[in-house]
Amino acid sequence: MERGDRGRGCSPETDGAEDPDVQMWGGAGRGSGPGRRAFLEEGVRLAALALLAGACRDGSITGAELAVEVAVQLGAYPALAVQGGVARIAGVSPPLAVVHLGPGAYAALSLVCPHQGGRVDWTGAEFVCAEHGARFGVGGTWQGGRRTSGLRTWRTEYDAATDTLTIFPSA
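Keep in mind it's a predicted model, so treat the numbers as computed, not measured. (Residues numbered from 1 in each chain as written. Predicted model: local features only at pLDDT ≥ 70, side-chain atom pairs only at ≥ 80, totals over all residues. Heavy atoms only, no water.)

Quick look at the sheet that holds strand E4 (residues 86–89)
Stated precisely, the cut-off is as follows: Only when DSSP finds a minimum of two bridges between them are two strands counted as paired. To qualify as a helix, a DSSP run of H or I must reach at least 4 residues; to qualify as a strand, a run of E must reach at least 2; elements of each kind are numbered from the N terminus.
Here four strands make up an open sheet; going across it, the order is E4-E5-E6-E11 and the pairing antiparallel. The open sheet has two edge strands, E4 and strand E11 (153–154), and neither has a second partner. Relative to E11, strand E6 (residues 105–110) runs antiparallel, the two sharing two bridges. Residue pairing across strands places Leu 109 opposite Thr 153, the latter belonging to E11.

Observations regarding the sheet that holds strand E10 (residues 142–144)
Within the open sheet, the four strands sit side by side as E7-E8-E9-E10. Their pairing is antiparallel. Edge strands, defined here as strands with exactly one partner in the open sheet, are strand E7 (120–122) and E10.

Overview of unusual backbone geometry
Across the junction of Ser 93 and Pro 94, the peptide omega takes the value 0°, indicating a cis bond. Counting through the fold element by element, Pro 94 comes out in the loop between E4 and strand E5 (96–102). Here the phi dihedral of Asp 163 falls at roughly 55°; this positive angle occurs in a residue that is not glycine. In this fold, Asp 163 is placed in the loop between strand E12 (156–159) and strand E13 (164–167).

Focus on the pattern of salt bridges
Keep this limit in mind: Any carboxyl oxygen of Asp or Glu that lies within 4 Å of a side-chain nitrogen of Lys or Arg is treated as forming a salt bridge with it. Exposed residues in this analysis have more than 50% of their type's maximum accessible area, buried residues have under 20%, and partly exposed residues fall in between, with area computed by a 1.4 Å probe over protein chains only.
Per the stated rule, a full pass over the model turns up four salt bridges. For the salt bridge of Arg 119 with Asp 121, the shortest nitrogen-to-oxygen distance reads 2.9 Å. Given the relative accessible area of 48%, Arg 119 is considered partly exposed. Where Arg 155 meets Glu 157, a salt bridge forms, and the shortest distance between an N and an O atom there is 3.7 Å. Classification of Glu 157 as partly exposed rests on a relative accessible area of 44%.

As for the pairing of E5
The buried fraction of E5 amounts to six of the seven residues, a majority that puts the element mostly inside the structure. Counted along the chain from E4 to the antiparallel partner E5, the turn is six residues long, and its residue Gly 91 has a positive phi close to 70°. Sheet analysis places E5 next to E6, joined by six bridges and oriented antiparallel. By the bridge assignment for E6, Ala 97 is matched with Leu 109. If you look at the hairpin formed by E5 and E6, you'll find two residues sitting between the two strands, and Gly 104 has a positive phi there, around 70°.

Side note on the packing of aromatic side chains
Stated formally: Put simply, two rings from Phe, Tyr or Trp (the six-membered ring, in Trp's case) pair if the centres are within 6.5 Å, and we call them stacked under 30 degrees between planes, edge-to-face over 60, tilted for the rest. Placement of a charge over a ring requires the Lys NZ or Arg CZ to be within 6 Å of the ring centre, with the centre-to-atom vector within 35 degrees of the ring normal.
Applying the stated rule across the entire model yields two aromatic pairs. Seen from their ring centres, Tyr 106 and Tyr 158 are 5.3 Å apart, and the 50° between their planes marks the pair as tilted. You can see Tyr 106 sitting in strand E6 and its partner Tyr 158 sitting in strand E12, a full 52 residues away along the chain. Ring centres 4.7 Å apart and planes at 55° place the aromatic pair Trp 122 and Phe 127 in the tilted group. Given a relative accessible area of 31%, Trp 122 falls into the partly exposed group. Judged by relative accessible area, which is 1%, Phe 127 ranks as buried. Cation over ring: Arg 155 sits above Phe 168, and NZ or CZ is 3.9 Å from the ring centre.

Concerning the state of the cysteines
Note the cut-off: To count as a disulfide, a pair of cysteine sulfur atoms needs to be within 2.5 Å.
All told, the structure shown has zero disulfides when counted by the stated rule. Of the cysteine sulfurs around Cys 113, a residue in no disulfide, the closest is that of Cys 129, at 3.8 Å. Judged by relative accessible area, Cys 113 falls into the buried class, the value being 1%. By relative accessible area, which is 2% here, Cys 129 ends up buried.

In short, the description is geometric, and any link to function would need to be established separately.
Set out below in structure tokens:
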């Protein structure tokens, strides 16, 4: 390439006419495309869309995926000894809660709100998003407040012999 030649349709001497897919992004007198301000605005808009696309997947917030199996010793969580008991599981990412649904039956729920990733807390009767007030039942289904999908859940398996609940990541 000679000095000043940046390739077909991109040299200072051309306006992209030889390639209809090339659009120059110059100011006045430097091409027919939008000016610098429009270019920057479009770049910011596209960056914001990329961030949103990365944050949301199937209605859930990034970071709400369980990466590995989690083994929970239920004896370490006295609240789970009774049906209806709920416990936040320590040291797990994403933050999650286990609900004792019945004999040998447990649910594992994300404590990340599917709306915008806010923290979800247990109130003693329901789960509530601290950011926007969305409310979820003990099974994670949306009940009211800010409209969104239900809380993310994972498959669980209880081993009565070891009193261990295994929480499995999505396949």
